[in-house]
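One-letter residues, chain by chain:
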Amino acid sequence: MEARVHRRQWIALAGAAALAPGLARAQDGAANQWFPLTGDDGRPVPNTRVAVELQEEVEDLPGLIWGGPATASVRLVEFFDFNCPWCRQADRTVASLVREDRDLRIGLVNNPILSPHSAQAAKVELAVLRKGGARAARALGQALYAAPGRIDGPRALDAAKAAGFDRAEIERIADGPDVADTLRRQMRLAASIGLSATP
């Protein structure tokens with residue numbers, strides 16, 4: 001991406017917007033676009049401007065998983081669902097962007113709207129975040145995206161166990177009120193921005 005914005009500006013992506021033509025059609029042009037972006041294939045890449053009053057809420061959102069340097073002048077926020085095929089494809093791109101651009105910070109926000117299975121997996125990821133921090137949660141997310149088929153709570157718990165976490169403890173944290181509240185806040189913010197679906 002060539003576009004650069006001031007540190008306090010944000011671009012929010014719905015799911016894997018870099019690969020998602022559906023959202024572009026839903027937005028019908030550039031009405032709410034921050035920048036006119038194109039992908040490697042020359043097609044428009046949808047991106048949604050975050051209202052000024054929501055910027056602080058994004059920054060303070062609990063459960064947001066950051067990658068990249070805190071001092072980066074460009075911040076990108078991706079709202080995702082573990083069962084979104086475009087999100088799965090974009091995960092590799094997100095990882096390479098963080099590795100290659102030292103002036104980019106990417107925040108990942110759960111928006112599990114495709115199925116109850118997605119919400120179960122999101123809760124497990126948030127439990128791992130609470131127990132092991134952002135790096136462990138990001139590693140779990142990458143492991144889930146690498147696994148074929150539908151992602152649900154039991155598969156996410158198995159992946160957490162494979163990463164060295166106590167399965168029963170992660171399940172207890174995932175089922176707790178703090179994680180439920182965090183996930184509700186993330187989904188409420190996505191709805192406030194107008195992200196009604198993953199692409």
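On a predicted model such as this, the values are computed, not experimentally measured, just so you know. (Residues numbered from 1 in each chain as written. Predicted model: local features only at pLDDT ≥ 70, side-chain atom pairs only at ≥ 80, totals over all residues. Heavy atoms only, no water.)

Novice: Hey, could you run me through the side chain of Gln186 in this one?
Specialist: Mapped onto the fold, Gln186 is located in helix H8 (residues 177–193). For Gln186, a relative accessible area of 0% gives the class buried. (Helix = DSSP H or I, 4+ residues; strand = E, 2+ residues; numbered from the N terminus. Buried < 20%, exposed > 50% of the residue type's maximum accessible area, 1.4 Å probe, protein only.)

Novice: Just checking my understanding: could you explain the packing of aromatic side chains for this structure?
Specialist: Two numbers describe a pair of aromatic rings. These are the distance of the centres and the angle of the planes. Counted under the stated rule, the structure contains 3 aromatic pairs. Ring geometry for Phe82 and Tyr145: centres 5.3 Å apart, planes at 55°, overall tilted. One end of the pair, Phe82, is in the loop between strand E6 (74–80) and helix H3 (85–100); the other, Tyr145, is in helix H5 (residues 134–146), and 63 residues separate them in sequence. Taken together, the aromatic side chains of Phe80, Phe82 and Tyr145 make up a single cluster linked through ring pairs. Positioned over the ring face of Trp66 is Arg75, at 5.5 Å from the centre of the ring. (Phe/Tyr/Trp six-rings, centres within 6.5 Å; stacked < 30°, edge-to-face > 60°. Lys NZ or Arg CZ within 6 Å of the ring centre and 35° of its normal.)

Novice: How should the packing of helix H6 (residues 153–162) against helix H7 (residues 167–174) be read in this particular structure?
Specialist: A packed helix pair is summarised by two numbers, namely the angle formed by the two axes and the spacing between the axes. Orientation of H6 relative to H7, taken along the N-to-C sense of each, is 130°, at an axis distance of 9 Å. In terms of axis orientation, H6 runs oblique to H7. Note that H6 runs across H7; the crossing there is right-handed. Facing H6, whose interface residues are Pro154, Leu157, Asp158, Ala160 and Lys161, H7 presents Arg167, Ile170 and Glu171. (Axes fitted to C-alpha atoms, helices over the stretch in contact; angles between N-to-C directions. Parallel < 35°, antiparallel > 145°, perpendicular 65-115°, else oblique. Left-handed = near helix turned anticlockwise from the far one by under 90°. Contact = heavy atoms within 4.5 Å.)

Novice: Would you mind going over the pattern of salt bridges with me for this structure?
Specialist: Two side chains of opposite charge can pair, provided their charged atoms sit close to one another. All chains considered together, the criterion is met by 5 salt bridges. The closest approach of N and O atoms between Arg138 and Asp91, which form a salt bridge, is 2.7 Å. Of this pair, Arg138 sits in helix H5 while Asp91 sits in helix H3, placing them 47 residues apart in sequence. Here the two residues Arg138 and Asp91 agree in accessibility, since each one is buried. Put simply, Arg172 and Glu169 hold a salt bridge, and the shortest N to O gap is 4.0 Å. A residue pair is termed a helical-turn pair when its members lie 3 or 4 positions apart in one helix, as Arg172 and Glu169 do in helix H7 at 3 residues. The exposure class of Arg172 is exposed, given its relative accessible area of 55%. If you follow the salt bridges from partner to partner, you end up with Lys131, Glu169 and Arg172 in one network. (Salt bridge = Lys/Arg side-chain N within 4 Å of Asp/Glu carboxyl O.)

Novice: Sorry if this is basic, but what is going on with the confidence of the model for the chain here?
Specialist: Regions with low pLDDT should not have their predicted coordinates read in detail. Mean pLDDT over the chain: 81, with 77% of residues reaching 70 or higher. Segment residues 1–30: pLDDT under 50, and 82 contacts once partners within four positions in sequence are set aside and those in other chains are kept. (pLDDT = per-residue confidence, 0-100.)

Novice: Help me out: how do you make sense of the side chain of Arg138 in this one?
Specialist: Classification of Arg138 by relative accessible area gives buried; the value is 17%. Not counting residues within four places of it along the chain, the set of residues in contact with Arg138 comprises Ile65, Asp91, Val94, Ala95 and Leu108.

Novice: I tried to follow the pairing of strand E7 (residues 104–110) on my own but got confused; where do I start?
Specialist: Successive residues of a regular strand alternate their side chains across the two faces of the sheet. Counting buried positions over the 7 residues of E7 gives 7, a clear majority of the element. Across the two faces of E7 the burial is the same, with Leu104, Ile106, Leu108 and Asn110 and Arg105, Gly107 and Val109 all buried. When strand E5 (residues 65–67) meets E7, the two strands line up antiparallel, connected through 3 bridges. Each bridged residue has a counterpart across the sheet, and for Trp66 the counterpart in E7 is Gly107. The pairing of E6 with E7 spans 7 bridges and is parallel. Counted as the bridge partner of Phe80 is Asn110 from E7. One crossover worth recording links E6 to the parallel E7 by way of H3, and it is right-handed. (Pairing = 2+ DSSP bridges. Right-handed = clockwise from strand over helix to strand, strands pointing away.)

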